[in-house]
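Architecture at a glance
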Amino acid sequence: MIVVSLVLAGFAAVTLWWTMHAWRTPETLASTRFAAPDGEHRLTFSLLVPARHEQAVLEHTVQRLLESTHEGFEIIVIVGHDDPETAEVAHRVAATAPGRILVVTDTNEQKNKPRALNTALPYCRGDVVGVFDAEDQVHPQLLEHVDHAFRSTDADVVQGGVQLINFHSSWYSLHNCLEYFFWFRSRLHLHARKGFIPLGGNTVFVRTDVLRAANGWDGTCLAEDCDLGVRLSSRGAKVVVAYDSAIVTKEETPGTLTSLLKQRTRWNQGFLQVYRKGEWRRLPEFGQRMLARYTLTQPFLQAFSGIVIPIGIAIAIWAQLPVFVALITFVPVIPMAANLVFQTVGLRDFGLQYGLRTRWHHYARLILGAFPYALVLAVAALRAVWREYTGKRNWELTAHTGAHLTDQPVKAESGVAA
Amino acid sequence: MSIAEAPTQVIILPDVPVQPEPRPAPVRRSRTDLYVVGGLTAVVLFFMAWNITGFPTATDDEGTYLAQAWAVQNGQGLAHYTYWYDHPPLAWIQLAGLAWLPALLFPDLIAVAAGRIAMLPVVGASLVLVYVISRRLDLSRWAAALALLTFGLSPLSITMNRQIYLDSFAVAWMLAALALALSPRKHLWHYAAAGAATAVSVLSKETMLLTAPAVLVAMWQNAAKTSTRPWAFGGYTSGLVLVGVFYPLYALLRGELFPGEGHVSLIGAWQFQLMSRSGSGTVFDEGSGSNSLITSWLYYDTVILVAGLVATVIALAVRRLRAPAIAATILAVVALRPGGYLPAMYVVQILPFFAIVIAGVTDQGVRLLEPQRSWWRWAVLGVAAVTALTLVVPRWYDGNRRALTTDDNAQYVAAASYLRDELPDPQRATIVVDDVLWIDCVDAGFQREKVIWFYKLDLDTAVAKTLPDGWRDVDYIVSTPALRQDPGSLPTVTKLLTNSTPIATFGPQDGRIEIRRIDKEKP
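Residues numbered from 1 in each chain as written. Chains lettered and ligands numbered in written order. Predicted model: local features only at pLDDT ≥ 70, side-chain atom pairs only at ≥ 80, totals over all residues.

Going by the annotation in an unreviewed UniProt entry, the name recorded for chain B is ArnT-like N-terminal domain-containing protein, with Actinoplanes auranticolor given as the source organism. Per its UniProt entry, chain B bears the Subcellular location (unreviewed entry) comment "Cell membrane". (UniProt positions renumbered as here; feature names shortened; annotations may be inferred.)

**Quick word on the UniProt feature "domain: ArnT-like N-terminal" (unreviewed entry) in chain B**
According to UniProt, the feature "domain: ArnT-like N-terminal" (unreviewed entry) maps to residues 127–221 of chain B in the numbering used here. Helix makes up 78% of residues 127–221 of chain B and strand 0%, with an end-to-end C-alpha separation of 23 Å. (Helix = DSSP H or I, 4+ residues; strand = E, 2+ residues; numbered from the N terminus.)

**Let's talk about the environment of B:G365**
Positionally, B:G365 belongs in helix 17 (residues 347–369). Sequence separation of B:G365 and B:L156 is 209 residues, and the distance between their C-alpha atoms is 26 Å.

**A look at the sheet that holds strand 7 (residues 204–207) of chain A**
Residue and element names in this part refer to chain A. Overall, mixed pairing links the 7 strands, which are arranged 3-2-1-4-7-5-8 in an open sheet. Edge strands, defined here as strands with exactly one partner in the open sheet, are strand 3 (101–106) and strand 8 (239–242). Strand-to-strand twist of the sheet, defined as the mean angle between neighbouring strand axes without regard to direction, takes the value 20°. Sheet topology note: the strand 4 (residues 128–131)/strand 7 ladder contains 4 bridges and is antiparallel. Residue V128 lies in a different strand from strand 7, and its bridge partner there is R207. On the sheet, helix 7 (residues 171–194) packs against strand 5 (157–160) and strand 8 and is oriented at approximately 160° with respect to strand 8. (Pairing = 2+ DSSP bridges. Axes fitted to C-alpha atoms, helices over the stretch in contact; angles between N-to-C directions. Contact = placed C-beta atoms within 7 Å.)

**Things to note about the pairing of strand 5 (residues 513–518) of chain B**
All names here are of chain B. Strand direction decides the pairing type here: strand 3 (residues 476–479) and strand 5, joined by 4 bridges, are antiparallel. Each residue of the ladder has a partner; that of S479, found in strand 5, is E514. Taken together, the 6 bridges between strand 4 (residues 500–506) and strand 5 define a ladder with antiparallel strand orientation. Across the sheet, the residue bridging to T501 is R517, located in strand 5. Taken together, strand 4 and the strand that follows it, strand 5, pair antiparallel across an intervening segment of 6 residues, in which G507 is found at a positive phi of about 85°.

**Observations regarding the pairing of strand 5 of chain A**
All names here are of chain A. Burial along strand 5 is two-sided: V157 and Q159 facing one way and V158 and G160 facing the other are all buried. Both strand 5 and strand 7 contribute to a ladder of 3 bridges, which runs antiparallel. In the sheet register, Q159 faces strand 7, and the bridge partner there is V204. Direction of pairing for strand 5 relative to strand 8: parallel, over a ladder of 4 bridges. By the bridge assignment for strand 8, V157 is matched with V239. (Buried ≥ 20, exposed ≤ 12 C-beta atoms within 10 Å, placed from the backbone.)

**Describing the nonpolar core**
In a soluble, globular protein the nonpolar side chains are often hidden away together inside. Within the largest apolar cluster, 173 residues are counted, with the highest numbers of intra-cluster contacts made by B:L66, B:V130, B:A147, B:L178 and B:V357. When residues in this core are grouped by element, the largest group, 14 residues, is from helix 8 (residues 166–181) of chain B. Two domains each donate at least three residues to this core, and these are domain 1 (31–405) and domain 2 (410–518) of chain B. If sequence neighbours within four positions are ignored, B:L66 has contacts with B:L95, B:A99, B:A111, B:V112, B:G115, B:I164 and B:I439. Counting 97 residues, the second largest nonpolar core, distinct from the first, contains A:I76, A:V77, A:A120 and A:C221. (Core = buried A, V, L, I, M, F, W, Y, C linked by C-beta atoms within 7 Å. Domains from an automatic or database assignment.)

This is the structure in structure tokens:
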């Protein structure tokens, strides 16, 4: 009992430590932002937008991409041969900007995002390949910043920030938004620094030659983004992460709890697949391998502790354990509760950075929803394990409604990108 | 559409040199500070340790805390009698962790004397922290050294810091919290640790909570104009609350949080201490308890108390000195408030803050004087320094000579050795003592249950139950000044004293210790 509690407390403390990476000192926070661009456009971009049954949001996304202030980019929209509605939208938009937009048809029988991306890879002519989802809201100045980031840091990969915005939609969307906030604002920077990074699914930019040398994406993996990051880090690619609330790519949370559960199951299962593939074992340093092991199994550890800690406390209270032992079972709660305190501060910060009003009931949702949300994550983790071991590896797509497309003005966090 | 049609503009320009990322300012690393603080702390600890067993007189409080630490060491719970949440227990849990070593190294010393040696590392930590805080408040090296020496060598400080008080632990932790809140790197985890240290401090001695605002002010100032300030306070709150909550949690798990029939409780103890405890009178009222207590502090050292008060008022106006000044102000105002209860060791808490503001105000004065500008400014500084030294040195010399030479505990040592060597058949006898000699009696072979702290005879029903025949079940009573302090307030003790005859007497009249055999045949 004591050992389990202390181990769980250790895990929770390490996770908290890493989650708070960016805010450790004012200097680390400053270093997580994009440096001010020099206004020069020297790289060319091929922006991949895979779209599947997303005719409702695709046009808006591509139009936003066309507003980019960068001069050298092409957009490649990938549609399925069995999806005429989206293809129709894609071709119509492509006709408005001939030369800028290319539509590629994916004829794979089994459709998923990595296969779609691989279909488009031979058509890419830019120096850098960027990936966006069909529902993304991309800032026009993003490419300029990324261009500068590639040149000034000599990076092979640049991961830009992605942020879920619609925290007001439901109780779980608030937690989902904060998860993204802490992940892209803070945790990914630590991974980039340590040389092991599971990349995000979009707003990720890779030098085309590096991507081709790595044979593109893994068409069988449910978390192709994570997998690509792991393979590139294992080969020693330099990854730079930059987050700037002003030019972050905005997304929406899944519309229903079920779709959130499915999405999370897919990610967790993907992490599990990446873990089992074992590419991370090729990382040169022991510390990196431990970080990889820990990160890839974290959803499951989290699920485990989310269930075990309350049980332990219940036993401590009802089973009349010695007071000392009972006190120890409460130790893992310390980092978890601290996490909640930091999330409260994070919610305030999030609201300030995105110019969104955070009201008292949002904070109430944050506190009250913490445990139910942990339960949802735990269920997703268990579901992922179950699906992986029963061999169900198909792609459960998340539907998008466009809840984030409300064009609210964004307050710049730093003067850099105003 | 084919790829060939797509015109992509490519502008080729020469490479830009790689821009280095902005690096944090290098942390000031100087070995000089290490040597200064190490050397001065060693000197002060030498004075602290010399004759620590002989001066000042062992007090009942010291014995109580040490006996509670003894209970923790021996797995008997948090106290040698029922723990009733009078103080949070963390200080004597720490004491238990320290006190076993001197007890092992010096078996011939009486328990309280050996326990005092365990206080030396605690005071040493406070000394180092006073220096670190002073440096982090941007005091010059000489001023930080002045703070350390003022805190360390004031006769009042030497007297109080030698004794086994919970306050010394609380002070060390609160100073640590202050030093962490002033972290030059403004690190999130330093702030969280500051919160945890604050909680440990308050759980060592609850009154230390009064100085927590100083830590908050220090943090507020230190995190000013940084992007991480809200996070800093989040970290501090987490540390403070999540460590602090374990105390009520302990009470809750034992079913002793809320008052109820037949058991002690945390909230009940708070109610008693905040509402029912009688005050010790107003300081300005001659003859009151508070007045005589402050007079006794002034007797040991007027300098640090008067200079500290004056410096505190000035330091409130200086931004960098505001945090320690706020701590000193709150503590002083609470001490001088009319009608409150003033504990005997209260002054321990205020001394380090007084020392820091005295040194800080001196530093500020020298900076304003700018002596390097002309010779006469140097002369003014020299005259001021010589005047201060002539005022301070003779007083401190007298006070510390007394601390280094007087042996006030000889009668306790003699009584303890008599109890150990001369008293027949200790295994079966029941003895009533004060808390100073409690552990020594247990060590001498008395049964733990049959060594009774005199206080408990009349106030603890559980103890009264172990004596079915009342006072006639007691074999010996050791009469000490502490036991005779409030004559008549404890009827059983009074009865024991009247119905007994001394078999051994030690010490001069006013500090007399008598070992008395109970005359059970008396009516």
